[in-house]
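# What the coordinates show
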Amino acid sequence: MGAAFFYHLTQRSLEETLPMLLGKALGAGWKVAVRGTDPGRLEWLDQKLWMGREEDFLPHGIAGGAHDALQPVLLTCGPVAANEPACVMTVDGADISAEEVNALERVCILFDGYDQEAVQNARVQWKALTGAGCSAQYWSEESGRWEKKAES
């Protein structure tokens, strides 16, 4: 049974935080799907991941390619990822179900702390997932470093 980790972004941007979390997930031996809501935004994230430091390179691709099943990190707007991930990271309010949380090793829900709609959406997701019995943790970087603030 997996868990949902909520990451409240207030000090670092998505393009700074996502590579750090992807590196940790890949280090655990997991394949990852990054689920978004807008193909254009995922293309933007793809470019940001390619522009990282060479020593921090994260092998990845955008869903729809010939080698999706082989990708360690697959950026997708769909609920099903061809790379059979152990971890799904949602961005921009992408949906995740309690069934998915329970079937995966980990779900990471990243949301912009300065976007009130994103904060409200994360609250709704927290209530829905914990209400369905999912384990959840809330992580904040308010102090300048990541700290676990709540657990359910």
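If you're wondering where the values come from, they're calculated on a predicted model, not measured in any experiment.

## Brief notes about the pattern of salt bridges
As enumerated under the stated definition, the model contains six salt bridges in all. Asp92 is paired through a salt bridge with Arg41; the nearest N and O atoms lie 2.8 Å apart. Placement of Asp92 in the loop between strand E5 (87-90) and helix H3 (98-103) and of Arg41 in helix H2 (residues 39-50) is noted, with a sequence separation of 51 residues between them. Asp92 sits in the partly exposed class, given a relative accessible area of 35%. For Arg41, a relative accessible area of 26% corresponds to the partly exposed category. Overlapping salt bridges bring together Arg145, Glu147 and Lys149 as one network.

## Considering the environment of Val91
Here Val91 shows up in the loop between E5 and H3. A sequence separation of 16 residues divides Val91 from Leu75, and the C-alpha atoms of the two residues are 10 Å apart. If we skip the residues at most four places from it in the chain, Val91 touches Leu14, Val34, Arg35, Gly36, Thr37, Leu45 and Leu110.

The rules we used
- Residues numbered from 1 in each chain as written.
- Predicted model: local features only at pLDDT ≥ 70, side-chain atom pairs only at ≥ 80, totals over all residues.
- Heavy atoms only, no water.
- Salt bridge = Lys/Arg side-chain N within 4 Å of Asp/Glu carboxyl O.
- Helix = DSSP H or I, 4+ residues; strand = E, 2+ residues; numbered from the N terminus.
- Buried < 20%, exposed > 50% of the residue type's maximum accessible area, 1.4 Å probe, protein only.
- Contact = heavy atoms within 4.5 Å.

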